[in-house]
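Chain and residue survey
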Amino acid sequence: MAINRNWHQLAIALQMIMDDETASSRECGCQLCIYDHGEKVIDLCSGYTAPDQQQEVSTDTLFPLFSSGKPFLASLAWKLAERGLFTYDTPVAEFWQEFRTPDKAGITIEHLLSHRAGLYLLPSGKPDLTDWQGMCSKIAAMVPRNPPGAKCHYHPLTFGWLLGHTLELAAGTPLPELLKKEVIEPLGVTGKIFFGIDDDNAKRVVPADDLLIPVKPDWCAEVMNNPAIRRCCVPSFNGIGNAEALAGFYARLRGKLVRDETFDYASGKLFREPSDPVREQEWSRFALGVILAGPANDLRMFIGHGGAAGAEGFYMPGEDIAVGFVKNRLSPNHPDHPIRDRISDALGIPHRFW
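Predicted model, so just to flag it, every value in this text is computed and none were measured. (Residues numbered from 1 in each chain as written. Predicted model: local features only at pLDDT ≥ 70, side-chain atom pairs only at ≥ 80, totals over all residues. Heavy atoms only, no water.)

A few points about the state of the cysteines
One pass over the full model with this rule turns up 0 disulfides. With no disulfide of its own, Cys30 has Cys45 as its nearest cysteine by sulfur position, at a separation of 8.3 Å. By relative accessible area, which is 0% here, Cys30 ends up buried. Here Cys232 is not cross-linked by a disulfide; its sulfur's nearest cysteine counterpart is in Cys233, at 8.6 Å. (Disulfide = S-S within 2.5 Å. Buried < 20%, exposed > 50% of the residue type's maximum accessible area, 1.4 Å probe, protein only.)

Below you can see the structure in the form of C-alpha coordinates.
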(Lines give C-alpha, C1' and ligand atoms only; values in the text may rest on other atoms or scores of the structure.)
Protein backbone atom coordinates (compact mmCIF):
# COMPACT_ATOMS: atom_id res chain seq x y z
CA MET A 1 0.00 0.00 0.00
CA ALA A 2 1.39 3.39 -1.02
CA ILE A 3 -0.19 6.23 0.92
CA ASN A 4 -0.34 9.57 -0.82
CA ARG A 5 1.60 11.97 1.44
CA ASN A 6 1.62 14.98 -0.85
CA TRP A 7 -0.39 16.91 1.72
CA HIS A 8 -0.52 20.20 -0.15
CA GLN A 9 -2.04 18.65 -3.24
CA LEU A 10 -4.18 16.35 -1.12
CA ALA A 11 -5.67 19.28 0.77
CA ILE A 12 -6.92 20.71 -2.52
CA ALA A 13 -8.30 17.36 -3.72
CA LEU A 14 -9.94 16.54 -0.41
CA GLN A 15 -11.55 19.96 -0.17
CA MET A 16 -13.02 19.46 -3.66
CA ILE A 17 -14.44 16.08 -2.62
CA MET A 18 -16.03 17.49 0.52
CA ASP A 19 -17.40 20.54 -1.32
CA ASP A 20 -18.88 18.33 -4.03
CA GLU A 21 -20.66 16.16 -1.46
CA THR A 22 -22.09 19.13 0.46
CA ALA A 23 -22.98 21.17 -2.66
CA SER A 24 -24.97 18.21 -3.99
CA SER A 25 -26.77 17.87 -0.61
CA ARG A 26 -25.59 14.29 -0.26
CA GLU A 27 -23.96 15.68 2.87
CA CYS A 28 -24.90 18.68 4.97
CA GLY A 29 -21.68 19.61 6.79
CA CYS A 30 -18.40 17.82 7.50
CA GLN A 31 -14.84 18.18 8.79
CA LEU A 32 -11.64 16.23 8.13
CA CYS A 33 -8.41 16.37 10.13
CA ILE A 34 -5.22 14.32 9.61
CA TYR A 35 -1.99 14.07 11.59
CA ASP A 36 1.18 12.60 10.09
CA HIS A 37 3.87 11.64 12.64
CA GLY A 38 2.26 13.92 15.22
CA GLU A 39 2.02 16.95 12.92
CA LYS A 40 -1.36 18.27 11.79
CA VAL A 41 -1.25 18.25 7.98
CA ILE A 42 -4.94 18.45 7.01
CA ASP A 43 -7.71 20.47 8.72
CA LEU A 44 -10.67 21.00 6.41
CA CYS A 45 -14.39 21.72 6.63
CA SER A 46 -17.26 22.08 4.20
CA GLY A 47 -21.00 22.68 4.07
CA TYR A 48 -23.53 23.92 6.55
CA THR A 49 -24.57 23.39 10.13
CA ALA A 50 -28.18 22.61 9.13
CA PRO A 51 -30.23 21.90 5.98
CA ASP A 52 -31.45 25.50 5.83
CA GLN A 53 -27.87 26.43 4.79
CA GLN A 54 -27.92 29.60 6.85
CA GLN A 55 -24.59 29.02 8.62
CA GLU A 56 -21.41 27.52 7.23
CA VAL A 57 -19.41 24.89 9.10
CA SER A 58 -16.02 25.97 10.47
CA THR A 59 -13.20 23.86 11.90
CA ASP A 60 -14.44 25.01 15.34
CA THR A 61 -17.95 23.61 14.80
CA LEU A 62 -18.88 20.69 17.06
CA PHE A 63 -20.61 17.54 15.77
CA PRO A 64 -22.33 14.59 17.46
CA LEU A 65 -19.70 11.84 17.55
CA PHE A 66 -21.97 8.94 18.47
CA SER A 67 -19.90 5.75 18.94
CA SER A 68 -16.68 7.23 17.58
CA GLY A 69 -16.27 8.67 21.09
CA LYS A 70 -16.12 5.24 22.75
CA PRO A 71 -12.29 4.92 22.55
CA PHE A 72 -11.91 7.96 24.83
CA LEU A 73 -13.56 5.90 27.58
CA ALA A 74 -11.55 2.82 26.63
CA SER A 75 -8.30 4.78 26.86
CA LEU A 76 -9.25 5.84 30.38
CA ALA A 77 -9.51 2.15 31.29
CA TRP A 78 -6.08 1.51 29.74
CA LYS A 79 -4.58 4.36 31.75
CA LEU A 80 -6.09 3.22 35.06
CA ALA A 81 -4.98 -0.36 34.40
CA GLU A 82 -1.49 0.93 33.63
CA ARG A 83 -1.58 2.72 36.99
CA GLY A 84 -2.41 -0.55 38.76
CA LEU A 85 -5.98 0.13 39.86
CA PHE A 86 -7.02 -3.19 38.29
CA THR A 87 -6.05 -5.71 35.64
CA TYR A 88 -8.18 -6.57 32.64
CA ASP A 89 -8.99 -9.89 34.34
CA THR A 90 -10.40 -8.11 37.41
CA PRO A 91 -14.09 -8.94 37.93
CA VAL A 92 -16.41 -5.95 37.73
CA ALA A 93 -17.94 -7.26 40.97
CA GLU A 94 -14.77 -6.25 42.83
CA PHE A 95 -15.94 -2.65 42.52
CA TRP A 96 -19.64 -2.89 41.66
CA GLN A 97 -21.51 -4.69 44.44
CA GLU A 98 -24.62 -5.40 42.36
CA PHE A 99 -22.53 -7.61 40.08
CA ARG A 100 -21.89 -10.09 42.88
CA THR A 101 -24.57 -12.43 41.57
CA PRO A 102 -24.10 -15.88 39.99
CA ASP A 103 -24.96 -14.62 36.50
CA LYS A 104 -22.67 -11.57 36.55
CA ALA A 105 -19.82 -12.41 38.94
CA GLY A 106 -17.71 -13.72 36.04
CA ILE A 107 -17.88 -10.49 34.01
CA THR A 108 -14.44 -8.88 33.87
CA ILE A 109 -13.19 -5.50 32.74
CA GLU A 110 -11.84 -7.21 29.64
CA HIS A 111 -15.36 -8.41 28.85
CA LEU A 112 -16.70 -4.87 29.11
CA LEU A 113 -14.01 -3.47 26.82
CA SER A 114 -14.42 -6.24 24.23
CA HIS A 115 -18.23 -6.15 24.24
CA ARG A 116 -18.60 -9.63 25.73
CA ALA A 117 -20.58 -8.87 28.91
CA GLY A 118 -23.92 -10.00 27.45
CA LEU A 119 -25.65 -6.83 28.68
CA TYR A 120 -26.07 -5.15 25.31
CA LEU A 121 -29.78 -4.23 25.49
CA LEU A 122 -31.20 -1.21 27.27
CA PRO A 123 -33.33 -1.89 30.36
CA SER A 124 -36.98 -2.56 29.55
CA GLY A 125 -39.53 0.22 29.42
CA LYS A 126 -38.46 3.75 28.64
CA PRO A 127 -35.41 4.31 30.85
CA ASP A 128 -34.28 7.87 31.49
CA LEU A 129 -30.94 8.08 29.68
CA THR A 130 -30.10 11.27 31.56
CA ASP A 131 -30.28 9.59 35.00
CA TRP A 132 -26.75 8.22 35.49
CA GLN A 133 -27.29 6.42 38.79
CA GLY A 134 -30.72 5.19 37.77
CA MET A 135 -29.38 3.72 34.53
CA CYS A 136 -26.47 2.06 36.34
CA SER A 137 -28.89 0.45 38.81
CA LYS A 138 -31.23 -0.77 36.08
CA ILE A 139 -28.38 -2.24 34.01
CA ALA A 140 -26.88 -3.94 37.07
CA ALA A 141 -30.24 -5.63 37.66
CA MET A 142 -30.40 -7.10 34.15
CA VAL A 143 -29.63 -10.73 33.32
CA PRO A 144 -26.84 -11.22 30.74
CA ARG A 145 -28.07 -12.56 27.40
CA ASN A 146 -24.90 -14.67 27.06
CA PRO A 147 -22.50 -16.20 29.59
CA PRO A 148 -19.71 -13.73 30.49
CA GLY A 149 -17.03 -13.64 27.82
CA ALA A 150 -18.64 -16.26 25.59
CA LYS A 151 -19.78 -14.11 22.69
CA CYS A 152 -18.95 -10.72 21.23
CA HIS A 153 -22.12 -8.68 20.80
CA TYR A 154 -21.83 -4.94 20.33
CA HIS A 155 -23.00 -2.91 23.36
CA PRO A 156 -23.94 0.31 21.50
CA LEU A 157 -25.38 2.21 24.48
CA THR A 158 -24.86 0.23 27.68
CA PHE A 159 -21.06 0.28 27.16
CA GLY A 160 -20.97 3.80 28.61
CA TRP A 161 -22.67 2.97 31.88
CA LEU A 162 -21.06 -0.44 32.29
CA LEU A 163 -17.46 0.64 31.77
CA GLY A 164 -17.89 4.21 32.97
CA HIS A 165 -19.40 3.31 36.33
CA THR A 166 -16.85 0.55 36.88
CA LEU A 167 -14.01 3.01 36.29
CA GLU A 168 -15.40 5.69 38.55
CA LEU A 169 -15.91 3.14 41.33
CA ALA A 170 -12.36 1.85 40.87
CA ALA A 171 -10.87 5.35 40.94
CA GLY A 172 -13.22 6.82 43.53
CA THR A 173 -13.81 9.80 41.23
CA PRO A 174 -16.89 10.76 39.16
CA LEU A 175 -16.56 9.82 35.50
CA PRO A 176 -16.81 13.36 34.03
CA GLU A 177 -13.89 14.46 36.21
CA LEU A 178 -11.89 11.34 35.33
CA LEU A 179 -12.31 11.86 31.59
CA LYS A 180 -11.38 15.52 31.86
CA LYS A 181 -8.31 15.09 34.08
CA GLU A 182 -6.99 11.79 32.73
CA VAL A 183 -7.78 11.95 29.00
CA ILE A 184 -9.06 15.23 27.59
CA GLU A 185 -6.62 17.63 29.28
CA PRO A 186 -3.48 15.47 28.82
CA LEU A 187 -4.31 15.03 25.12
CA GLY A 188 -4.68 18.77 24.59
CA VAL A 189 -8.23 18.54 23.20
CA THR A 190 -9.96 20.69 25.82
CA GLY A 191 -12.71 22.70 24.15
CA LYS A 192 -12.70 20.34 21.16
CA ILE A 193 -14.57 17.41 22.69
CA PHE A 194 -17.21 17.15 25.39
CA PHE A 195 -18.95 14.35 27.21
CA GLY A 196 -21.57 16.65 28.68
CA ILE A 197 -21.70 19.99 26.89
CA ASP A 198 -22.08 23.29 28.76
CA ASP A 199 -24.49 26.02 27.69
CA ASP A 200 -21.83 28.28 26.14
CA ASN A 201 -20.30 25.58 23.95
CA ALA A 202 -23.72 24.14 23.07
CA LYS A 203 -24.05 27.05 20.64
CA ARG A 204 -21.25 25.51 18.56
CA VAL A 205 -23.03 22.16 18.11
CA VAL A 206 -24.72 21.22 14.83
CA PRO A 207 -27.87 19.11 14.90
CA ALA A 208 -27.86 15.52 13.69
CA ASP A 209 -29.68 15.80 10.36
CA ASP A 210 -32.05 12.98 9.39
CA LEU A 211 -33.23 14.50 6.11
CA LEU A 212 -32.36 11.32 4.17
CA ILE A 213 -33.92 8.88 6.64
CA PRO A 214 -37.21 7.56 5.18
CA VAL A 215 -38.90 7.03 8.57
CA LYS A 216 -38.79 10.03 10.89
CA PRO A 217 -37.77 10.86 13.48
CA ASP A 218 -34.62 8.76 13.40
CA TRP A 219 -33.74 7.55 16.91
CA CYS A 220 -30.12 8.78 16.71
CA ALA A 221 -31.16 12.26 15.64
CA GLU A 222 -33.97 12.39 18.19
CA VAL A 223 -31.63 11.48 21.03
CA MET A 224 -28.58 13.55 20.07
CA ASN A 225 -30.66 16.64 19.29
CA ASN A 226 -32.07 16.53 22.82
CA PRO A 227 -30.32 19.23 24.91
CA ALA A 228 -30.74 17.15 28.09
CA ILE A 229 -28.90 14.21 26.50
CA ARG A 230 -26.10 16.49 25.28
CA ARG A 231 -25.51 17.76 28.81
CA CYS A 232 -25.00 14.23 30.21
CA CYS A 233 -21.82 12.20 30.30
CA VAL A 234 -22.57 8.90 28.56
CA PRO A 235 -19.41 8.26 26.53
CA SER A 236 -20.81 5.30 24.63
CA PHE A 237 -22.81 7.57 22.33
CA ASN A 238 -23.17 11.21 23.36
CA GLY A 239 -19.71 12.67 22.77
CA ILE A 240 -19.67 16.01 20.97
CA GLY A 241 -16.54 17.22 19.23
CA ASN A 242 -14.76 18.12 16.04
CA ALA A 243 -12.55 16.23 13.63
CA GLU A 244 -9.42 17.68 15.21
CA ALA A 245 -10.37 16.14 18.57
CA LEU A 246 -10.66 12.66 17.02
CA ALA A 247 -7.45 12.94 15.01
CA GLY A 248 -5.56 14.51 17.90
CA PHE A 249 -6.70 11.73 20.22
CA TYR A 250 -5.19 9.03 18.02
CA ALA A 251 -2.10 11.08 17.17
CA ARG A 252 -1.19 11.45 20.86
CA LEU A 253 -2.51 8.20 22.30
CA ARG A 254 0.39 5.77 21.91
CA GLY A 255 3.42 6.73 23.93
CA LYS A 256 1.86 9.95 25.17
CA LEU A 257 -1.41 9.23 26.97
CA VAL A 258 -0.41 5.62 27.65
CA ARG A 259 2.82 3.70 27.28
CA ASP A 260 3.65 2.01 23.99
CA GLU A 261 3.26 -1.45 25.53
CA THR A 262 -0.15 -0.53 26.97
CA PHE A 263 -1.42 0.60 23.58
CA ASP A 264 0.08 -2.39 21.78
CA TYR A 265 -1.52 -4.88 24.17
CA ALA A 266 -4.95 -3.21 24.15
CA SER A 267 -5.01 -2.98 20.35
CA GLY A 268 -2.86 -5.97 19.53
CA LYS A 269 -5.43 -8.68 18.82
CA LEU A 270 -9.09 -9.61 18.76
CA PHE A 271 -10.36 -10.37 22.26
CA ARG A 272 -12.91 -13.13 21.76
CA GLU A 273 -13.23 -16.86 22.26
CA PRO A 274 -12.17 -19.37 19.57
CA SER A 275 -15.73 -20.67 19.68
CA ASP A 276 -16.92 -17.22 18.52
CA PRO A 277 -14.98 -16.56 15.31
CA VAL A 278 -15.36 -13.36 13.32
CA ARG A 279 -18.17 -13.67 10.80
CA GLU A 280 -17.80 -12.69 7.18
CA GLN A 281 -18.35 -8.93 6.72
CA GLU A 282 -18.47 -8.42 10.51
CA TRP A 283 -17.39 -4.90 11.43
CA SER A 284 -17.38 -5.36 15.25
CA ARG A 285 -13.87 -6.79 15.47
CA PHE A 286 -12.96 -5.64 18.95
CA ALA A 287 -9.69 -5.50 20.75
CA LEU A 288 -10.02 -3.70 24.13
CA GLY A 289 -12.42 -0.88 23.34
CA VAL A 290 -11.21 -0.24 19.80
CA ILE A 291 -12.04 -1.91 16.50
CA LEU A 292 -9.40 -3.51 14.29
CA ALA A 293 -10.75 -2.42 10.93
CA GLY A 294 -7.99 -3.39 8.54
CA PRO A 295 -8.24 -6.13 5.88
CA ALA A 296 -8.19 -9.75 7.02
CA ASN A 297 -4.45 -10.08 6.47
CA ASP A 298 -3.67 -6.89 8.44
CA LEU A 299 -6.41 -6.15 10.98
CA ARG A 300 -4.33 -3.53 12.78
CA MET A 301 -3.95 -1.40 9.66
CA PHE A 302 -6.76 0.70 11.15
CA ILE A 303 -7.29 0.96 14.92
CA GLY A 304 -10.27 3.09 15.89
CA HIS A 305 -14.05 3.36 15.86
CA GLY A 306 -16.88 4.59 13.67
CA GLY A 307 -20.10 6.36 14.64
CA ALA A 308 -23.75 6.36 13.62
CA ALA A 309 -23.73 9.46 11.42
CA GLY A 310 -20.57 8.39 9.61
CA ALA A 311 -18.03 9.94 11.95
CA GLU A 312 -14.81 8.00 12.38
CA GLY A 313 -11.46 8.25 14.06
CA PHE A 314 -8.56 5.89 13.50
CA TYR A 315 -4.83 5.39 13.78
CA MET A 316 -2.58 3.62 11.30
CA PRO A 317 0.35 2.36 13.40
CA GLY A 318 2.35 1.26 10.38
CA GLU A 319 2.23 4.77 8.96
CA ASP A 320 1.87 6.89 12.13
CA ILE A 321 -1.15 8.59 10.59
CA ALA A 322 -4.20 9.62 12.62
CA VAL A 323 -7.50 10.62 10.99
CA GLY A 324 -10.65 12.25 12.31
CA PHE A 325 -13.78 12.76 10.20
CA VAL A 326 -17.20 14.03 11.29
CA LYS A 327 -20.44 14.84 9.53
CA ASN A 328 -24.01 15.53 10.57
CA ARG A 329 -26.22 13.97 7.87
CA LEU A 330 -27.48 10.54 8.88
CA SER A 331 -27.82 7.94 6.13
CA PRO A 332 -30.24 5.02 5.77
CA ASN A 333 -27.32 3.09 4.25
CA HIS A 334 -25.04 3.35 7.29
CA PRO A 335 -22.27 2.17 7.59
CA ASP A 336 -21.84 2.76 3.86
CA HIS A 337 -20.73 6.40 3.46
CA PRO A 338 -19.54 7.29 -0.07
CA ILE A 339 -17.81 10.48 1.10
CA ARG A 340 -15.52 8.44 3.36
CA ASP A 341 -14.74 6.11 0.47
CA ARG A 342 -13.85 9.03 -1.80
CA ILE A 343 -11.55 10.43 0.88
CA SER A 344 -9.93 7.02 1.31
CA ASP A 345 -9.38 6.69 -2.44
CA ALA A 346 -7.63 10.06 -2.49
CA LEU A 347 -5.40 8.98 0.39
CA GLY A 348 -4.69 5.59 -1.17
CA ILE A 349 -6.07 3.53 1.73
CA PRO A 350 -8.73 0.76 1.90
CA HIS A 351 -12.35 1.57 2.74
CA ARG A 352 -13.80 0.97 6.21
CA PHE A 353 -17.32 -0.08 7.18
CA TRP A 354 -18.12 0.52 10.84
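On we go from here.
As for the environment of Ala13
Take Ala13: it is sitting in helix α1 (residues 7-23). For Ala13, a relative accessible area of 31% puts it in the partly exposed group. Taking the C-alpha atoms as reference points, Ala13 and Ala346, 333 residues apart in sequence, are found 7.4 Å from one another. (Helix = DSSP H or I, 4+ residues; strand = E, 2+ residues; numbered from the N terminus.)

Brief notes about the sheet that holds strand β5 (residues 239-241)
The strand order across the open sheet built from 3 strands is β3-β5-β4, with neighbouring strands paired in antiparallel fashion. Strands with a single pairing partner mark the edges of an open sheet, and in this sheet they are β3 (63-66) and β4 (193-194). Bridge count between β3 and β5: 3 bridges; the pairing is antiparallel. Residue pairing for β5: Phe66 is matched across the bridge by Gly239. (Pairing = 2+ DSSP bridges.)

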